[in-house]
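Below are the chains, spelled out letter by letter.
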Amino acid sequence: MGRITLDKVRKAFGDTEVIPPLDLTIEDGEFVVFVGPSGCGKSTLLRLIAGLEDVSGGEIRIDGKPATDLPPAKRGLAMVFQSYALYPHMTVRKNITFPLKMAGMSEEEKKRRVDHAAEVLNLTDYLDRRPGQLSGGQRQRVAIGRAIVREPAAFLFDEPLSNLDAALRVGMRLEISELHERLKTTMVYVTHDQVEAMTMADKIVVLRAGNIEQVGSPLDLYRTPRNLFVAGFIGSPTMNLIDGAEAAKHDARTIGIRPEHIDVVGDGPWQGKVGVSEHLGSDTFFHVHETGLADIITVRAPGEVNHRAGDTIRLSPQMDKLHRFGQDGLRIA
Amino acid sequence: MATQHSRAAARFMIAPSVVLLLAWMLIPLGMTLYFSFLRYNLLMPGNNPFVGFENYAYFVTDPAFQAAIVNTLLLVGGILLITVVGGIALAVLLDQPMWGTGIVRIMVISPFFVMPTVSALVWKNMFMNPVNGLFAYIAEVLGMQPFDFLTQAPLASIIGIVSWQWLPFATLILLTAMQSLDSEQLEASEMDGASAWSRFYYIKLPHLARAITVVVLIQTIFLLSIFAEILVTTNGGPGTASTNLTYLVYAESLLRFDVGTGSAGGVIAIILANIVAIFLMRMIGKNLDA
Amino acid sequence: MARAVTTKTKAINTAIAWTIAILIFFPILWTVLTSFKSEGTAIADPPVFLFFDWTLENYATVQERSSYFRHFMNSVVISVGSTIIGLAIGIPAAWAMAFVPGKQTKNVLMWMLSTKMLPPVGVLVPLYLIFRDWGLLDTRIGLIIVLTLINLPIIVWMLYTYFREIPNDILEAARMDGATLRSEVIYVLLPMAVPGIASTLLLNIILAWNEAFWTLNLTAANAAPLTAFIASYSSPEGLFYAKLSAASTMAIAPILIMGWFSQKQLVRGLTFGAVK
């Protein structure tokens, strides 16, 4: 079981409140991702759940039991750190065994669990090496292994992939998702990368300056961003935001349209000059200037489409995919 | 996790060091200050009357004091000049590709581990002795008169001996600093067309500036207190030709048993050292924030 | 720079560096060589370098005629003793400052450093009198106390810079893994701190072994360590080069070897972490 409830949890460092009172429920077995720009308080929130920081107010409950004042080890949670935090003087086996040793487990139980974890994570051949002799991806797996063997109520991940190169990151992302499929244990995952959030999460929590901006499934957030911040944060390339007369036509302060929801058609209502084109093969991104709407309108066209820089093209937004935001930045239904 | 509990434990753990050092600093320092205002000679028992600044006046007007100040400055300045310039040169040299770097390094660093009394004695007898010393032999081979280093140029000789001891220190620190220089910076400057000399002058030397300052300050602290080398080689003489402030205070206190005057000299030495210390502490303090 | 250096450049560098290094090392080498000569050979004109009758007789004489061994033991007891006590006091302090830093930590550290800047001669008189009155003059324990105190700031500083390099993440990981404070210290912190503690120990023994102000001023025949014992050779009757060399070689050899091993850590210790 691993249901985590935060009830009016707040955190202040001295006089600066980094997390104003906040409520959140993480259901058992859920993969929840905290996402937001750096400094938004997502890591602090994770550390509050872990017990590595004291809360300044409010209550944390794990499976209904109060955990606010429990030391980290007593919360039944396991954490994977950004720096992996492996013990450099211990072999891989000893690293993974360490939490079991601390729990005073029997030798055969320790061996059984470690061997199992090593097999799951493809670490069997490396058990006698030290962390210094491993690649980044392998270290990452050891850190996960150390978390798995405890059979925790929930896993906490603090930006675990940010030290890996791009190719490895995609691979590890998949591995962690598969791990979640198999273990069905609650996972709380912190990242600043919205792609990671979208691809892995059951539920995304978008944070800004310690406040929860929106909670929802990846597609909820994509389809119905609650405000301008979420609209701009979720999705890649980012949503085009248009102010002024064009927005006023739709009774909004700002309208938003995602690049993939703009079609290049001969008779579209908008027109502009093509600037840079980015050819990805599967898609082509155009940066369109001089539209009179915004500095740049980004358009995503499927497949290989060729427009030379300087060409004038006409664009047509898909009206049903238009997002409208009011004076206060909130979505207008 | 800095909880109240761990804070209390931390204070408890730091306390012994702080208390001991506080006692070490305050008690003798207070006594030195107190003695410096008394007429107090161990050879003349009796009451020790308060005499105000008399000891200071006596100490400062003593011709030996002026000589000692000049000698102290010459010692510190001379050794600093030799060790810093020599240290930079050696650091640049040892940073070059060569065979046997490890052994060269070990040989260069060795003098620093020789205890001051041994190095003073070895230099004095086996090298500088005008009859049997190696230098006398070399002079003889070159057809020159043997030179009695410690009598004719006592201060310069001591500068030589102490420089030999401290050159490794400067070299080692400057070499360490040199090796922390990002090689991409050098490559970039090479791409920019900088010659070897320009690379040294515009890239390496500025990079070393901080380490040089540290070397100068730390050595100054130690060099102000040169003692064993003087005691062993010249006993401060001939006359006061090689007496520095430390040796003068020692002579006043433990040779002439004049506690009052010795203490006044001690206070002056502390003030001088503090002037240097303030700069050094600032440097190190800045590093603590980084 | 991953480029081939011409053999010629490398040869020139090597020649210059070796020449200078040998010149710098020469006084030590000469002392060691002389210690194996007879007194006559030691002052031979012209001097002989390698081709003489090697003898161990000087070492034997130094041992027999003087109380060399006692002074050697004094050096060992004083330098090791003051280092161990210093570590016992310094480790908890450095530990606390590195892992539970408070608002005053920096000030305390700087203040500790400032005590090291105190010129010894400034407190020579009172210390001499205290030692005289308490019967500490010419005792090992007296010197151990003084050397512990003068080197304590270096010990705390060096340890502090090492401890601070242990990432906090790892300690937090241990806490998450269920380690109590005790097991955190035993299984995680201590093993990671061992290299730092070892280098601190080594450097401090070197400094204490070579300390030549207090050892000269506060000891006489009994507790004199090698620094003071060697100084007694400066009197004219001690002018026997071969024996002087033998005594000197024995006095510097152990520390020279320790120094070679700790040269890297030396920089950090002697610059209070300002140069790494």
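Thresholds applied
Residues numbered from 1 in each chain as written. Chains lettered and ligands numbered in written order. Predicted model: local features only at pLDDT ≥ 70, side-chain atom pairs only at ≥ 80, totals over all residues. Helix = DSSP H or I, 4+ residues; strand = E, 2+ residues; numbered from the N terminus. Buried ≥ 20, exposed ≤ 12 C-beta atoms within 10 Å, placed from the backbone. Contact = placed C-beta atoms within 7 Å. Rg over C-alpha atoms; globule rule 2.2 N^0.38 Å. UniProt positions renumbered as here; feature names shortened; annotations may be inferred. Pairing = 2+ DSSP bridges. Axes fitted to C-alpha atoms, helices over the stretch in contact; angles between N-to-C directions. Core = buried A, V, L, I, M, F, W, Y, C linked by C-beta atoms within 7 Å. Nonpolar A, V, L, I, M, F, W, Y, C, P; charged D, E, K, R; others polar. Parallel < 35°, antiparallel > 145°, perpendicular 65-115°, else oblique. Left-handed = near helix turned anticlockwise from the far one by under 90°. Domains from an automatic or database assignment. pLDDT = per-residue confidence, 0-100.

Asker: Help me understand the overall build of chain A in this model?
Answerer: Looking only at helices and strands, chain A has 9 helices and 18 strands in total. The principal-axis extent of the C-alpha atoms belonging to chain A is close to 75 × 45 × 30 Å. Looking at chain A as a whole, 40% of its 333 residues are labelled buried. Counting contacts in chain A only where the partners sit at least 6 residues apart, residues at least 24 apart contribute 62% of the total.

Asker: Hey, could you run me through the overall build of chain B in this one?
Answerer: Regarding its fold elements, chain B presents 13 helices and 0 strands. When the elements of chain B are put in sequence order from the N terminus, they spell out α-α-α-α-α-α-α-α-α-α-α-α-α. For 290 residues, the compact-globule estimate of 2.2 N^0.38 gives 19 Å, and the C-alpha radius of gyration of chain B, at 24 Å, exceeds that figure by more than 25%. For chain B, the C-alpha atoms occupy an extent of roughly 75 × 75 × 30 Å along the three principal directions. The proportion of buried residues among the 290 residues of chain B is 44%. Sequence-distant contacts in chain B: of pairs separated by 6 or more residues, those separated by 24 or more amount to 70%.

Asker: Before we go on, may I ask you to explain the UniProt feature "domain: ABC transmembrane type-1" (unreviewed entry) in chain B in this structure?
Answerer: Within this structure's numbering, the places UniProt gives as "domain: ABC transmembrane type-1" (unreviewed entry) are residues 69-280 of chain B. Taken end to end, residues 69-280 of chain B comprises 76% helix and 0% strand; its first and last C-alpha atoms sit 21 Å apart.

Asker: Looking at this structure, I do not really get the UniProt feature "domain: ABC transporter" (unreviewed entry) in chain A. What am I missing?
Answerer: Per the UniProt record, the feature "domain: ABC transporter" (unreviewed entry) sits at residues 4-234 of chain A. Secondary structure content for residues 4-234 of chain A is 36% helix and 26% strand, while the C-alpha to C-alpha distance between its ends is 25 Å.

Asker: What's the story with the sheet that holds strand 18 (residues 323-325) of chain A in this structure? I'm lost.
Answerer: Strand pairing in a sheet relies on backbone hydrogen bonds, with the paired strands running either antiparallel or parallel. All names here are of chain A. Read from one edge of the open sheet, 3 strands run 11-12-18, paired in antiparallel fashion. At either end of the open sheet lies a strand with only one pairing partner, and these are strand 11 (240-243) and strand 18. Each adjacent strand pair in this sheet contributes to an overall mean axis angle of 25 degrees, direction not counted. Across 4 bridges, strand 11 lies against strand 12 (residues 254-257) in antiparallel orientation. Bridge pairing in strand 12 places Ile242 opposite Ile255.

Asker: Help me understand the UniProt feature "transmembrane region" (unreviewed entry) in chain B in this model?
Answerer: Residue and element names in this part refer to chain B. In the UniProt entry, the feature "transmembrane region" (unreviewed entry) is given for residues 12-37, 68-94, 106-123, 153-175, 208-228 and 264-284. The annotated region residues 153-175 carries 96% helix and 0% strand content, and the separation between its end C-alpha atoms amounts to 32 Å. The annotated region residues 208-228 carries 81% helix and 0% strand content, and the separation between its end C-alpha atoms amounts to 31 Å.

Asker: Please explain the sheet that holds strand 5 (residues 65-66) of chain A as it appears in this structure.
Answerer: Residue and element names in this part refer to chain A. If you trace the 4 strands from one edge of the open sheet to the other, you get 2-1-4-5, paired in antiparallel fashion. At either margin of the open sheet sits one strand with a lone partner, and together these are strand 2 (16-26) and strand 5. Pairing between strand 1 (residues 4-13) and strand 2: 7 bridges, direction antiparallel. The partner of Lys11 across the bridge, within strand 2, is Ile19. Against the sheet, helix 1 (residues 42-50) engages strand 1, strand 2 and strand 4 (57-62), with an angle of about 115 degrees to strand 1.

Asker: Any chance you could explain the nonpolar core here in plain terms?
Answerer: Looking at soluble globular proteins, one finds that nonpolar side chains tend to be buried together. Counting 256 residues, the largest nonpolar core has A:Val33, A:Leu156, B:Ile173, B:Leu174 and C:Ala94 as the members making the most contacts within it. Here this core takes 17 residues from helix 7 (residues 140-164) of chain C, the largest share from any one element. Each residue touching C:Ala94, except ones within four places of it in the same chain, is listed here: C:Val156, C:Leu159, C:Tyr160 and C:Phe163.

Asker: Honestly, the interface of chain B and chain C in this entry has me stumped. Any pointers?
Answerer: How large an interface is tends to be reported as the accessible area lost when its parts come together. Each partner contributes residues to the interface: chain B has 86 residues there, and chain C has 87 residues. The leading source of residues in the side of chain B that touches chain C is helix 1 (residues 4-35) of chain B, at 17 residues. Looking at the side of chain B that touches chain C residue by residue, the class counts come to 65 nonpolar, 19 polar and 2 charged.

Asker: Sorry if this is basic, but what is going on with the environment of C:Met117 here?
Answerer: Relative to the assigned elements, C:Met117 resides in the loop between helix 5 (105-116) and helix 6 (124-133). Linking C:Met117 and C:Ile150, residues 33 residues apart in sequence, is a C-alpha distance of 9.6 Å. Excluding anything up to four places from it in sequence, C:Met117 contacts B:Ile221, B:Ala273 and B:Ala277.

Asker: Looking at this structure, how should I read the packing of helix 4 (residues 68-99) of chain C against helix 7 of chain C?
Answerer: Residues and elements named next belong to chain C. Running from N to C, helix 4 and helix 7 cross one another at 40 degrees; their axes reach a closest spacing of 6 Å. Between helix 4 and helix 7, the interaxial angle falls into the category oblique. You can see that helix 4 and helix 7 cross each other, and the crossing is right-handed. A per-class count over the contact of helix 4 with helix 7 returns 21 nonpolar, 7 polar and 2 charged.

Asker: Just checking my understanding: could you explain the interface of chain A and chain C for this structure?
Answerer: Across the contact, 17 residues belong to chain A and 14 residues belong to chain C. Of all the secondary structure elements, the ones that give two or more residues to the side of chain A that touches chain C are strand 6 (77-80) and helix 2 (92-102) of chain A. The leading source of residues in the side of chain A that touches chain C is helix 2 of chain A, at 3 residues. Among the residues forming the side of chain A that touches chain C, the class breakdown is 14 nonpolar, 2 polar and 1 charged.

Asker: Explanation requested: the domain arrangement of chain A in the structure shown.
Answerer: Taken domain by domain, chain A holds domain 1 (4-230) and domain 2 (237-325). Computed over C-alpha atoms only, the centres of domain 1 of chain A and domain 2 of chain A are separated by 38 Å.

Asker: How should the pairing of strand 4 of chain A be read in this particular structure?
Answerer: Side chains on a regular strand alternate between the two faces of the sheet. Residue and element names in this part refer to chain A. Examined bridge by bridge, strand 1 and strand 4 share 5 bridges and lie antiparallel to one another. Looking at strand 4, one finds that Ile4 is bridged to Ile62. In this sheet, strand 5 lies alongside strand 4 in antiparallel orientation, the contact comprising 2 bridges. Among the inter-strand pairings, Ile62 is bridged to a residue of strand 5, identified as Lys65. Here strand 4 hands over to strand 5 after 2 residues, with Asp63 in that stretch at a positive phi of 55 degrees.

Asker: Any chance you could explain the pairing of strand 6 of chain A here in plain terms?
Answerer: Residue and element names in this part refer to chain A. Neither face of strand 6 is open: one carries Leu77 and Met79, the other Ala78 and Val80, and all of them are buried. Pairing of strand 6 with strand 7 (residues 154-158), which is carried by 4 bridges, proceeds in the parallel orientation. Within strand 7, the position partnered with Leu77 by the bridge is Ala154.

Asker: Just checking my understanding: could you explain the confidence of the model for chain B for this structure?
Answerer: Close reading of the predicted structure is inappropriate where its pLDDT is low. All names here are of chain B. With 97% of its residues at a pLDDT of 70 or more, chain B has an overall mean of 85. Averaged pLDDT values over the elements of chain B bottom out at 78 in helix 9 (residues 183-191) and peak at 92 in helix 3 (residues 63-94). ipTM for the predicted complex: 0.84, alongside a pTM of 0.79.

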